[in-house]
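# Topology and contacts: notes
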Amino acid sequence: MSARRSLYRFAPVAAALLVATSAGWAADAHTPTDAQLIASAMRAAPPGVANGATIIAMNADGTMRTLRQGTNGYTCMPDNPATPGPDPMCMDKHALEWAQAWMAHKPPPTGQIGVMYMLEGGTDASNTDPYARKPLPNNHWIKTGPHFMIVGADASFYDGYPKNADPDTSAPYVMWAGTPYQHLMAPVK
């Protein structure tokens with residue numbers, strides 16, 4: 001399974017990052033055109049990033065296809081209509097590797113800081129459990145607006161930011177603190 005195919009099946013948990021179903025587009029009765037998918041994916045990041053990014057999307061059978069080859073090392077994915085909120089995502093190579101490790105329940109690479117953008121916001125998620133799929137009384141479910149994420153930094157980097165289980169999501173905070181997948185969530189207004 002390719003890295004991009006694996007990522008898109010589960011990426012909307014992150015950063016989001018943020019769990020998506022593999023049948024997201026297939027379940028939609030009004031399948032978007034390629035132009036609509038590209039436009040959705042490009043809303044995930046600033047124009048300077050999105051304009052040069054590779055855009056990928058999921059086919060109805062769960063396989064991935066490239067809608068547009070990029071030139072800047074970023075990969076963007078459109079919103080998944082099967083999730084409750086907007087969640088297009090754009091990430092650099094290191095963030096993609098970090099997300100793959102998270103999806104595989106493996107340690108993320110060290111010494112490779114990555115950046116993810118979710119400027120449309122993200123599907124709501126647990127702030128404490130990287131693998132939670134729904135809100136429970138003890139998993140500190142949060143709502144996220146437009147943001148970017150810093151992943152893969154040394155643990156000491158995150159010590160300068162709040163690590164509260166129930167953070168103020170209008171200011172930078174650490175999501176999944178104390179896990180190998182902790183990352184900085186930085187809201188953008």
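Model, not experiment: these values are computed from the prediction.

Definitions and cut-offs
- Residues numbered from 1 in each chain as written.
- Predicted model: local features only at pLDDT ≥ 70, side-chain atom pairs only at ≥ 80, totals over all residues.
- Heavy atoms only, no water.
- Helix = DSSP H or I, 4+ residues; strand = E, 2+ residues; numbered from the N terminus.
- Buried < 20%, exposed > 50% of the residue type's maximum accessible area, 1.4 Å probe, protein only.
- Lys, Arg positive; Asp, Glu negative; His and termini not counted.
- Salt bridge = Lys/Arg side-chain N within 4 Å of Asp/Glu carboxyl O.
- Contact = heavy atoms within 4.5 Å.
- Core = buried A, V, L, I, M, F, W, Y, C linked by side-chain atoms within 4.5 Å.
- Pairing = 2+ DSSP bridges.
- Axes fitted to C-alpha atoms, helices over the stretch in contact; angles between N-to-C directions.
- Disulfide = S-S within 2.5 Å.
- pLDDT = per-residue confidence, 0-100.
- Polar contact = N/O pair within 3.5 Å; in protein donor to acceptor, adjacent residues only side chain to side chain.
- Phe/Tyr/Trp six-rings, centres within 6.5 Å; stacked < 30°, edge-to-face > 60°.

Examined against the element boundaries, Asp-92 turns out to sit in the loop between β6 (89-91) and α4 (93-103). Put simply, Asp-92 is tucked away with no salt bridge, and the nearest opposite charge, on Lys-93, sits 9.5 Å away.

Let us look at the pattern of salt bridges. Taken as a whole and judged by the stated rule, the model has three salt bridges. The partner of Arg-65 in a salt bridge is Asp-34, with the nearest N and O atoms 2.6 Å apart. Taken together, the positions of Arg-65 in strand β4 (residues 64-68) and Asp-34 in helix α2 (residues 34-42) put the pair 31 residues apart, joining distant regions of the chain. The partner of Lys-163 in a salt bridge is Asp-159, and the shortest N-O contact between them spans 2.7 Å.

This paragraph deals with the environment of Pro-172. On the secondary structure map, Pro-172 appears in the loop between α5 (155-158) and β11 (173-175). A residue is classified by how much of its surface remains accessible, and Pro-172, at 35% relative accessible area, is partly exposed. Sequence-wise, Pro-172 and Phe-148 are 24 residues apart; in three dimensions their C-alpha atoms are separated by 9.7 Å. Not counting the four nearest positions on each side in its chain, Pro-172 is found in contact with Tyr-161, Pro-162, Leu-184, Met-185, Ala-186 and Pro-187.

We now examine the nonpolar core. Of all hydrophobic cores here, the largest spans 23 residues; its most connected members are Met-91, Trp-98, Met-116 and Met-175. At six residues, α4 tops the list of elements feeding residues into this core. Of all hydrophobic cores here, the second largest spans 21 residues; its members include Ala-45, Cys-90, Tyr-117 and Leu-184.

To continue, consider the sheet that holds strand β10 (residues 147-151). Pairing in this open sheet of eight strands is mixed, and the strands run β4-β3-β5-β6-β7-β10-β12-β11 from one edge to the other. Looking at which strands have only one partner, the edges of the open sheet turn out to be β4 and β11. Between one strand axis and the next, the sheet turns through 25° on average, direction left out of account.

What follows deals with the state of the cysteines. Evaluated as defined, the whole model comprises one disulfide. The disulfide bridge from Cys-76 ends at Cys-90, spanning 2.0 Å between sulfur atoms. As the torsion about the S-S bond is roughly -50°, the Cys-76-Cys-90 disulfide counts as left-handed. Note that Cys-76 is positioned in strand β5 (residues 75-77) and Cys-90 in strand β6, a separation of 14 residues in sequence.

Looking now at the confidence of the model for the chain. With 85% of its residues at a pLDDT of 70 or more, the chain shows a mean pLDDT of 83. Contacts of residues 1-28 to residues separated by more than four positions or lying in other chains number 103 contacts, the stretch itself having pLDDT below 50.

A few words now on the side chain of Gln-182. Here Gln-182 lies in the loop between β11 and β12 (183-187). For Gln-182, a relative accessible area of 11% puts it in the buried group. Polar side-chain contacts of Gln-182 include one of 3.2 Å to the backbone nitrogen of Gly-178. Apart from residues lying up to four places away in sequence, Gln-182 is in contact with Trp-98, Ala-155, Tyr-158, Lys-163, Val-174, Met-175, Trp-176 and Ala-177.

Before going further, it helps to spend a moment on the packing of aromatic side chains. Enumeration over the complete set of coordinates arrives at nine aromatic pairs. Measuring from centroid to centroid gives 6.2 Å for Tyr-74 and Tyr-117, while their planes differ by 40°, and the two rings are tilted. Of this pair, Tyr-74 sits in the loop between β4 and β5 while Tyr-117 is found in strand β7 (residues 114-118), placing the two residues 43 residues apart along the sequence. No difference in accessibility class separates Tyr-74 from Tyr-117, as the two residues are buried. For the pair Trp-98 and Trp-176, a centre-to-centre distance of 6.5 Å together with 15° between the ring planes defines the contact as stacked. Taken together, the residues Trp-98 in helix α4 and Trp-176 in the loop between β11 and β12 connect sequence positions 78 residues apart. In this structure Trp-98 comes out as buried when scored by relative accessible area, which is 1%. Site record: aromatic cluster; members linked through ring pairs are Trp-98, Trp-102, Tyr-131, Trp-176 and Tyr-181.

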